Amino acid sequence: VYSVACHVENGKLVILSGGGDDKAYLHQIATSAAAAPSSQLLAYHHTDTVSCVALNLAYVSEDLKKTPRLAATGSYDGSIILYDPDTAQQKLKLEGPSDIEWMDFHPKGGSVLLAGSGDGTVWMFHIPLNRCLQVFVGHEQAVTAGCFSPDGKWALSASADGTLRVWAPKTGMNKHVFRTGEAGLTCLANNGGSDGMLVMVGAE
């Protein structure tokens, strides 16, 4: 199992998982234990490891016309598949990067998806429009981790080139580069500190 995403709502735990068997599963567990847990194999046949998964359920407003409920799976085969997390029905297929390392939904509405690639690029997609909004270019090696800032104003990316980069989503400009002087960065966590703007990275 390479990636897991979870969300609790209305007495139900939703779990999305992806693994090295090239498959992704949607699990549902009633927190009251009144109903039996269910697991469903998602339909799309990935041809390589499902490296990352993401849910936008925490960001969806009541206006579902503006922001659909989404479950996303990303794979080393270069595909991003979007599903309805309630029915497991496939909704959309996104293509762009050569392989997908991670994904993150925008915290303001959850209709924009950020995805990092092994080719050193970061892609930003608008799901309702089925459009690529930006490709962030600057890393010299694989982009191994990333996310939006809690306020949604910045995109962050950590790379095997040892740098953490801060991007402006609207313009695609690289606003700052933190050079750690360490080996390749492998993971990232944000939303720290009193203002949520503290970021931590881990290196090889």
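Conventions adopted
- Residues numbered from 1 in each chain as written.
- Predicted model: local features only at pLDDT ≥ 70, side-chain atom pairs only at ≥ 80, totals over all residues.
- Heavy atoms only, no water.
- Helix = DSSP H or I, 4+ residues; strand = E, 2+ residues; numbered from the N terminus.
- Buried < 20%, exposed > 50% of the residue type's maximum accessible area, 1.4 Å probe, protein only.
- Contact = heavy atoms within 4.5 Å.
- Polar contact = N/O pair within 3.5 Å; in protein donor to acceptor, adjacent residues only side chain to side chain.
- Salt bridge = Lys/Arg side-chain N within 4 Å of Asp/Glu carboxyl O.
- Pairing = 2+ DSSP bridges.
- Axes fitted to C-alpha atoms, helices over the stretch in contact; angles between N-to-C directions.
- Core = buried A, V, L, I, M, F, W, Y, C linked by side-chain atoms within 4.5 Å.

**Student:** Which parts of the structure should I look at to understand the environment of D151?
**Tutor:** By the secondary structure assignment, D151 is in the loop between β13 (143-148) and β14 (155-159). Classification of D151 as partly exposed rests on a relative accessible area of 30%. Distance in space between the C-alpha atoms of D151 and D195 is 9.7 Å, their sequence separation being 44 residues. Not counting the four nearest positions on each side in its chain, D151 is found in contact with K108 and M197. Polar side-chain contacts of D151 include one of 2.6 Å to the side chain of S149. Of note is the side chain of D151, whose polar atom sits 3.0 Å from the backbone nitrogen of K153.

**Student:** It is not clear to me how the pattern of salt bridges should be interpreted in this structure. Could you clarify?
**Tutor:** For side chains bearing opposite charge, pairing can occur when the charged atoms are close. Scanning the entire structure with this criterion turns up 3 salt bridges. Between R69 and E9 there is a salt bridge, with the nearest N and O atoms lying 2.4 Å from each other. Here the residue R69 occupies a position in the loop between β5 (50-55) and β6 (71-75), and E9 occupies one in strand β1 (residues 3-9), the gap between them amounting to 60 residues. With its nearest N and O atoms 2.7 Å apart, the salt bridge here joins R69 to D86. You can see R69 sitting in the loop between β5 and β6 and its partner D86 sitting in the loop between β7 (79-83) and β8 (90-95), a full 17 residues away along the chain. A network of salt bridges, in which partner residues are shared, links E9, R69 and D86.

**Student:** Help me understand the side chain of H27 in this model?
**Tutor:** Secondary-structure assignment places H27 in strand β3 (residues 24-30). Among the polar contacts listed, one links the side chain of H27 to the side chain of S17, at a separation of 3.1 Å. Among the polar contacts made by the side chain of H27, one reaches the side chain of S39 at a distance of 2.8 Å. Setting aside anything within four residues of it in sequence, one finds H27 in contact with L13, V14, I15, S17, S38 and S39.

**Student:** Where do I start with the pairing of β13 in this structure?
**Tutor:** In the case of a regular strand, side chains alternate between the two sheet surfaces. In terms of residue burial, β13 counts as a mostly covered element, since 5 of its 6 residues are buried. With 5 bridges joining them, β13 and β14 adopt antiparallel strand pairing. Residue C147 lies in a different strand from β14, and its bridge partner there is L156. Here β13 folds back onto β14, and the loop between the two strands holds 6 residues, one of which, G152, carries a positive phi near 80°.

**Student:** I tried to follow the side chain of S159 on my own but got confused; where do I start?
**Tutor:** With respect to the helices and strands, the residue S159 is situated in strand β14. For S159, a relative accessible area of 0% puts it in the buried group. Among all residues touching S159, those that are not within four sequence positions of it are H139, Q141, A142, V143, T144, G184 and L185.

**Student:** Can you help me understand the sheet that holds strand β15 (residues 163-167) in this one?
**Tutor:** Within the open sheet, the 4 strands sit side by side as β13-β14-β15-β16. Their pairing is antiparallel. The open sheet is flanked by β13 and β16 (174-179), the only strands paired with a single partner. Each strand axis lies, on average, 15° off the axis of its neighbour in the sheet, ignoring direction.

**Student:** Hey, could you run me through unusual backbone geometry in this one?
**Tutor:** Positioned with a positive phi, N10 is a non-glycine residue whose angle comes to about 50°. Looking at where N10 falls in the secondary structure, it is placed in the loop between β1 and β2 (12-18). On the accessibility criterion, N10 (78% relative accessible area) is exposed. Even without glycine at this site, N191 takes up a positive phi of about 75°. Within the secondary structure, N191 is located in strand β17 (residues 185-192).

**Student:** I would appreciate a short explanation of the nonpolar core in the present structure.
**Tutor:** Judged by nonpolar contacts, the single largest core of 16 residues is most densely connected at I80, L82, L94, M103, F105, L113 and I127. Only β5, β7, β8, β9 (100-105), β10 (112-117) and β11 (121-126) provide two or more residues apiece to this core. The element best represented in this core is β9, accounting for 3 residues. Core analysis: the next-biggest nonpolar cluster, separate from the first, contains 14 residues, A5, L55, L57 and I81 among them.

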